[in-house]
Amino acid sequence: MDVENQRMQKPRKGRRSGAPEGRSAQPGRPAARGRCGGLAGRPSVPPPGPLQRALLPATREASFPGCSGEHHGSRRGGAGPAGVEQSLRDSMAHLDSEVKEECLREDLKFYFMNPCEKFRARQQIPWKLCLQILKIVMVTTQLVRFGLSNQLVVAFKEENAAAFKHLFLKGYSGTDEDDYSCSVYTQEDAYESIFFAINQYHRLRNISLGTLGYGESEGNRIGLKVCKQHYKKGTMFPSNETLNIDSDIKIDCIHLDLQALSQSSQDWKNSSFFSLEFYRLLQVEISFQLKGIDLQTIHSRELPDCYVFQNTITFDNNAHSGKIKIYFDSDANIEECKDLTISGSIQKNTQYVLVFDAFVIVICLASLILCTRSIVLALRLRKRFLNFFLEKYKRQVCDADQWEFVNGWYVLVITSDLMTVIGSVLKMEIKAKNLTNYNLCSILLGTSTLFVWVGVIRYLGYFQAYNVLILTMQASLPKVLRFCACAGMIYLGYTFCGWIVLGPYHNKFQNLNTVAECLFSLVNGDDMYATFAHIQQKSLLVWLFSRLYLYSFISLFIYMILSLFIALITDSYDTIKKYQQNGFPVTDLQEFLKESSSKEKCQKESSAFLSRVCCLRRSRSDDHLILVN
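Values in this document were obtained by computation on a predicted structure and should not be read as measured data.

Draft legend 1. Broad picture of the side chain of serine 424. One can find serine 424 in helix α13 (residues 408–431). By relative accessible area, serine 424 is classed as buried at 0%. A distance of 2.9 Å separates polar atoms of two side chains, one belonging to serine 424 and the other to glutamine 142. What serine 424 contacts, discounting residues up to four positions off in sequence, is Gln142, Asp357, Val360, Ile361 and Leu445.

Listed below in structure tokens is the structure:
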């Protein structure tokens, strides 16, 4: 008994409450993997020796005084070696169950620690934290560089589109009238506008200030194509209120190449094709292709892009209202330059950018692997906990505790990493002039950077002052979604009603998209007076309805729905504050983690550098302020 008492009273190194027992005490040496097969690293429990087996019942009675009395009964009832052997087996089974339970508890505690607590517990370097900080810097730098390059691309397209309107539209003022560029009201103006666009195309090389040239249209022909749509035949006498027309639409086209345009203009102007019957005419469409080279990228030490502009001028007479609307559409596509020779340091700069993008891909792949590994280990630990809970307590774990093992932040990081990798590959191909899809690349890189910065909130959430936002969002999100579903029905009703009734009389209600945007602006208190003032007072009934419609919408959504929306979030915030003061409701998982077979405290000091830089110790009394996950 003296030997056993010496073994039990042997001083152990102090350990932090909640840290795994049996951890290697040698600093810098990783702990061995435990026999429980979990995440915590513990040396295996050695089998008891002969003397320990003989003294085990007395030891169990002294160590676990609260255990069931069946062990005492078995010892008393065992009249011979069979009773002692049965008691020994029961004691060993109970001890093994206690060891497994402690292994599971230590693994769970270690899993739900933050990176700094894990470092203090096992001197485990927080690789994911370091990797996320490095990834934030690199992904943001990559996005800024790509954003500056994308701005040059978009600016070149928009400036060329504005230049084309001034070149090919007669009388263009520099500002579009509405969704169309300009309009004409007489037949003479219509003819002059059509002929003006054709002549400007012919004189392009002599009048253009840009790096433009003629492109090949359909059939590899250089020139422009003119098409007109009109009803097949018909007669119309408005004075007699007589109309006889064939509603079938006929399309006639003519191709004017540079050689035809170089001849006398009267030859093609006087052709029968340009003899228009405006009462049958629906629209005239002039399409041509131009090519250009963007040289401003050279100043940014990048290879220039070659563009193909597919331009279309449409004279719309579908309404037959005496007003022909003129639309100009320019679709710019980037193509690989066939022969590009540039001297200087541009090629070397391009190689540096490609190497940087490749390094970003490597960092994101490493982050993706680590986060995926953490999710897999968490699911394994969840399975162990569910099996143990069902075996010991004979009931299932609640859904809330099961979801604690699914770390949403890891899912967000994995999504961000995938988008960054795909976007970086596209960026490298764009940089090498093999692809030209700037829009898709910018969406991927922009969204991934958004997710990366949102993921920073996870590390701020380890501190009480910053965790309030996350907890309030989590608590209010279900109620807010249900509330928005109900309010959305009312919003859709107002949207359809405004589009149908006010659409012909107000430019903000002409289609469903603009109606929804206008109503959303009104909810936020924007542009109220302009919405009231711009309604056309051509119909007294519609004007009165518009007042009733707008006043009821503003009163309902601003004074009632918006106030209730804010009240839901405020109520969740107040609930979280009360929980932080009085303690959060304890779940089965948290209750299990609080149970501990040892009351000793960890005295192991962490590394001085990480403790001062990132590991701010919390007192034990503050542990209840932070949720488990």
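Still more to cover.
Draft legend 2. Layout of the UniProt feature "transmembrane region" (unreviewed entry) in the protein. Using the residue numbers shown here, the UniProt feature "transmembrane region" (unreviewed entry) corresponds to residues 352–379, 409–426, 438–460, 480–502 and 548–569. A distance of 41 Å separates the end C-alpha atoms of residues 352–379, which is 100% helix and 0% strand. As annotated, residues 438–460 comprises 96% helix and 0% strand, and the C-alpha atoms at either end are separated by 34 Å.

Draft legend 3. Region of the structure containing empty space enclosed by the protein. Taken as a whole, this structure holds one cavity of 30 Å³ or more when the rule is applied. By volume, the largest cavity is sized at about 30 Å³. With three residues, strand β7 (residues 281–294) is the single largest residue contributor to the lining of the largest cavity. Residues belonging to the lining of the largest cavity are distributed by class as follows: eight nonpolar, two polar and no charged.

Draft legend 4. Quick peek at the nonpolar core. With 49 residues, the main nonpolar core has Phe168, Ile198 and Ile313 as its most contacted residues. The residues touching isoleucine 313, leaving out its near neighbours within four places in the chain, are Phe168, Leu169, Ala197, Val284, Glu285, Ile286, Phe288, Ile326, Tyr327 and Phe328. Grouped together as the second largest cluster of nonpolar side chains are 21 residues, Val515, Leu522, Ile535 and Leu550 included.

Draft legend 5. Focus on unusual backbone geometry. Positive phi values are uncommon outside glycine, yet histidine 320 reaches one of about 50°. Looking at where histidine 320 falls in the secondary structure, it is placed in the loop between β8 (305–316) and β9 (324–335). In this model, aspartate 527 sits at a positive phi of 60°, which is unusual for a non-glycine residue. Aspartate 527 sits in the partly exposed class, given a relative accessible area of 43%.

Draft legend 6. Structural context of the packing of helix α6 (residues 127–168) against helix α14 (residues 438–454). Running from N to C, α6 and α14 cross one another at 150°; their axes reach a closest spacing of 10 Å. One way to sum up the angle between α6 and α14 is to call them roughly antiparallel. Two packed elements cross with a definite hand, and for α6 against α14 that hand is left-handed. Only Tyr438, Cys441, Ser442, Leu445, Gly446, Thr449, Val452 and Trp453 of α14 make contact with α6, whose side of the interface consists of Lys135, Ile136, Val139, Thr140, Gln142, Leu143, Phe146, Ser149, Asn150 and Val153. Taken together, the residues that form the contact of α6 with α14 break down as ten nonpolar, seven polar and one charged.

Draft legend 7. Expanded view of the state of the cysteines. Overall, the coordinates contain one disulfide when judged by the stated rule. Between cysteine 486, a cysteine without a disulfide, and cysteine 484, which holds the nearest cysteine sulfur, the sulfur-to-sulfur distance is 9.4 Å. Cysteine 486 sits in the exposed class, given a relative accessible area of 53%.

Draft legend 8. Geometry of the packing of aromatic side chains. In total, this model carries 27 aromatic pairs according to the counting rule given. Seen in terms of ring centroids, phenylalanine 273 and phenylalanine 274 are 5.2 Å apart; in terms of plane orientation they differ by 85°. Their pairing is edge-to-face. For phenylalanine 274, a relative accessible area of 6% corresponds to the buried category. Three or more aromatic residues joined by ring pairs make a cluster, and in this case those are Phe156, Phe164, Phe168, Tyr201, Tyr214, Phe288, Tyr307, Phe309 and Phe328.

Draft legend 9. Inspection of the confidence of the model for the protein at higher detail. Looking at the protein, pLDDT values average 76 and 79% of them are 70 or higher. Within the protein, the element-level pLDDT minimum falls on helix α21 (residues 608–613), averaging 37, and the maximum on helix α17 (residues 512–523), averaging 92. Scored below 50 in pLDDT, residues 1–79 shows 125 contacts in the model against residues more than four places distant or in partner chains. Within the model, the stretch residues 597–629 combines pLDDT values under 50 with 74 contacts to residues more than four positions away or in other chains.

Draft legend 10. Layout of the environment of histidine 506. Secondary-structure assignment places histidine 506 in the loop between α16 (464–502) and α17. Residue histidine 506 is classed as buried on the basis of its relative accessible area of 2%. A sequence separation of 28 residues divides histidine 506 from histidine 534, and the C-alpha atoms of the two residues are 6.5 Å apart. Filtering out sequence-adjacent residues up to four positions away, histidine 506 remains in contact with Ala530, Thr531, His534 and Ile535. Here the side chain of histidine 506 touches asparagine 507 through a polar contact of 3.3 Å, side chain to side chain. From its side chain, histidine 506 meets the backbone oxygen of threonine 531 in a polar contact 3.0 Å long.

Draft legend 11. Main features of the packing of α13 against α14. Running from N to C, α13 and α14 cross one another at 150°; their axes reach a closest spacing of 8 Å. Classed by the angle they form, the pair α13 and α14 counts as roughly antiparallel. Considering only the axes of α13 and α14, their crossing is left-handed. Judged by residue contacts, Trp409, Leu412, Thr415, Ser416, Met419, Thr420, Ile422, Gly423, Ser424, Leu426, Lys427 and Ile430 of α13 engage Tyr438, Leu440, Cys441, Ile443, Leu444, Leu445, Thr447, Ser448, Phe451, Val452 and Val454 from α14.

Draft legend 12. Geometry of α13. Between its first and last C-alpha, α13 extends 34 Å over 24 residues, near the 34 Å set by a 1.5 Å rise per residue. Sitting at the amino-terminal end of α13 is asparagine 407, which places a side-chain oxygen 3.0 Å from the backbone nitrogen of tryptophan 409. Count one or two residues on from α13 and you reach lysine 433, which has phi positive near 65°.

Draft legend 13. The pairing of β9, seen in detail. Note: strand β1 (residues 182–184) against β9, three bridges, orientation antiparallel. Pairing of serine 183 across the sheet is with lysine 325, part of β9. The pairing of β8 with β9 spans eleven bridges and is classified as antiparallel. The residue of β9 that forms the bridge with threonine 312 is aspartate 329.

Conventions and cut-offs
- Residues numbered from 1 in each chain as written.
- Predicted model: local features only at pLDDT ≥ 70, side-chain atom pairs only at ≥ 80, totals over all residues.
- Heavy atoms only, no water.
- Helix = DSSP H or I, 4+ residues; strand = E, 2+ residues; numbered from the N terminus.
- Buried < 20%, exposed > 50% of the residue type's maximum accessible area, 1.4 Å probe, protein only.
- Polar contact = N/O pair within 3.5 Å; in protein donor to acceptor, adjacent residues only side chain to side chain.
- Contact = heavy atoms within 4.5 Å.
- UniProt positions renumbered as here; feature names shortened; annotations may be inferred.
- 1 Å grid on protein atoms, 1.4 Å probe; cavity = no way out; pocket = protein on both sides within 12 Å on 5 of 7 lines; lining within 4 Å.
- Points joined across faces, edges and corners; volume = space filled by probe spheres on them.
- Nonpolar A, V, L, I, M, F, W, Y, C, P; charged D, E, K, R; others polar.
- Core = buried A, V, L, I, M, F, W, Y, C linked by side-chain atoms within 4.5 Å.
- Axes fitted to C-alpha atoms, helices over the stretch in contact; angles between N-to-C directions.
- Parallel < 35°, antiparallel > 145°, perpendicular 65-115°, else oblique.
- Left-handed = near helix turned anticlockwise from the far one by under 90°.
- Disulfide = S-S within 2.5 Å.
- Phe/Tyr/Trp six-rings, centres within 6.5 Å; stacked < 30°, edge-to-face > 60°.
- pLDDT = per-residue confidence, 0-100.
- Expected span 1.5 Å × (residues − 1).
- Pairing = 2+ DSSP bridges.

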